[in-house]
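# A look at the structure
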Amino acid sequence: MLVAAAVCPCPPLLVPDVAAGAAPELDAARAACTDALGVLAAARPDRLVVVGPAEQSGRGPHAEGARGTFRGFGVDLDVRLGRNGARVPEGPAAGSEPVEGADRPLPPSLAVAAWLLGRTDWSDAPVEGLGVGEPLAAERCIQSGREIATRAERVALLVMGDASACRTLKAPGYLDDRAAGFDAAVAQALGTADVAALQALDAELAYELKASGRAPWQVLAGAGEGAGLAGALLYEDAPYGVGYVVATWS
């Protein structure tokens, strides 16, 4: 069953090497993500499942050891999903055995998650990833979460995703007057572990507001059914006009 969850944003800018001069603007978000991962470690899970938005090529399961890269963002930085997997050299890791599914490249959201896990030296439980597509219907997201919660006696989730991208005139999606209200409702639901509110998120509105986290949050909602977890909101802001939320369930 689900014993803990951490919700983090997934912009590649969260990685200082990618952000370059903009790195200080996200220091508070990075610190909140570190605290959130600490909650996961304190729960002593048997398995950690990382869920994040993905385009077609990155959807589906990703095994522990799967690699991601930030080279597409102009940075010579590779990561590996799993325990102590921050930076990896070219070629197979010394002494490693091939892992089924580990050769599938991570989508950017899971690469950011892998960087966060490496940054905090995660070594507490085996890790697997799941990339979900934005169009995935709420019912399927929720069912996927229910299945994840049965994978081990003590399951933890690291859920990656951004809220609206329409909070300001300079935002990627331009200004939409509905964005602030949508983001506030999301932050409230995530910060209070409100499973019902997350399950009821309007998928069409989320799409119009370019919110990448809707499907992953609804996977979390499915996993959290009956778990009786309490939520805490650690961070909520909209730098660059994009809503970022960090929350924990425990």
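Our subject in this report is the structure included herewith. (Residues numbered from 1 in each chain as written. Predicted model: local features only at pLDDT ≥ 70, side-chain atom pairs only at ≥ 80, totals over all residues. Heavy atoms only, no water.)

### Regarding the packing of helix 2 (residues 27–42) against helix 3 (residues 108–119)
Any two packed helices are characterised by how steeply their axes cross, that is the angle between the axes, and by the distance between the axes. Following both chains from N to C, one finds helix 2 and helix 3 inclined at 70 degrees, their axes separated by 10 Å at the closest point. Compared by their axis directions, helix 2 and helix 3 come out roughly perpendicular. Contact with helix 2, carried on its side by Arg30, Cys33, Thr34 and Leu37, involves Trp115, Leu116, Leu117 and Arg119 of helix 3 and no other residues of that element. (Axes fitted to C-alpha atoms, helices over the stretch in contact; angles between N-to-C directions. Helix = DSSP H or I, 4+ residues; strand = E, 2+ residues; numbered from the N terminus. Parallel < 35°, antiparallel > 145°, perpendicular 65-115°, else oblique. Contact = heavy atoms within 4.5 Å.)

### Points about the environment of Thr120
In this structure, Thr120 sits in the loop between helix 3 and strand 6 (127–132). Here Thr120 falls in the partly exposed class, since its relative accessible area comes to 28%. For the pair Thr120 and Ala31, spaced 89 residues apart in the sequence, the C-alpha separation amounts to 11 Å. Polar side-chain contacts of Thr120 include one of 3.0 Å to the backbone oxygen of Leu116. (Buried < 20%, exposed > 50% of the residue type's maximum accessible area, 1.4 Å probe, protein only. Polar contact = N/O pair within 3.5 Å; in protein donor to acceptor, adjacent residues only side chain to side chain.)

### Section: unusual backbone geometry
Both trends apply: most residues other than glycine have a negative phi, and most peptide bonds are in trans. Phi is positive for Arg44, close to 50 degrees, though the residue is something other than glycine. Locating Arg44 in the fold gives a position in the loop between helix 2 and strand 2 (47–53). Given a relative accessible area of 67%, Arg44 falls into the exposed group. In this structure, Ala193 takes a positive phi of about 55 degrees despite not being glycine. Looking at the secondary structure, you find Ala193 in the loop between helix 5 (179–191) and helix 6 (195–199). A relative accessible area of 14% means that Ala193 is categorised as buried.

### Observations concerning the side chain of Ser109
Counting through the fold element by element, Ser109 comes out in helix 3. Looking at Ser109, the relative accessible area reads 4%, which means it is buried. At 2.7 Å, the side chain of Ser109 forms a polar contact with the backbone oxygen of Pro53. Those residues in contact with Ser109 that lie beyond four places of it in its chain are Cys10, Gly52, Pro53 and Met160.

### Description of the nonpolar core
Counting residues in hydrophobic clusters, the biggest one holds 44 residues, and the most contacted among them are Cys8, Leu48, Val50, Phe70, Leu117, Leu158 and Met160. Of all elements in the fold, only strand 1 (2–8), helix 2, strand 2, helix 3, strand 7 (155–160) and strand 9 (244–249) reach the threshold of two or more residues within this core. By residue number, the principal contributor to this core is helix 3, which donates eight residues. Contacts of Cys8, omitting those with residues within four sequence positions, involve Cys33, Ala36, Leu37, Leu116, Leu158, Val159, Met160, Gly161, Val245 and Val246. Grouped together as the second largest cluster of nonpolar side chains are 41 residues, Ile148, Cys166, Val186 and Leu201 included. (Core = buried A, V, L, I, M, F, W, Y, C linked by side-chain atoms within 4.5 Å.)

### Focus: the layout of surface pockets
Of the voids in this model, the largest pocket is the one considered here, and its volume is about 630 Å³. For the lining of the largest pocket, the elements supplying multiple residues, two or more each, are helix 3 and helix 7 (203–208). Here the residues of the lining of the largest pocket are counted per class, giving 16 nonpolar, four polar and five charged. (1 Å grid on protein atoms, 1.4 Å probe; cavity = no way out; pocket = protein on both sides within 12 Å on 5 of 7 lines; lining within 4 Å. Points joined across faces, edges and corners; volume = space filled by probe spheres on them. Nonpolar A, V, L, I, M, F, W, Y, C, P; charged D, E, K, R; others polar.)

No statement about biological role is implied by the geometric values presented.
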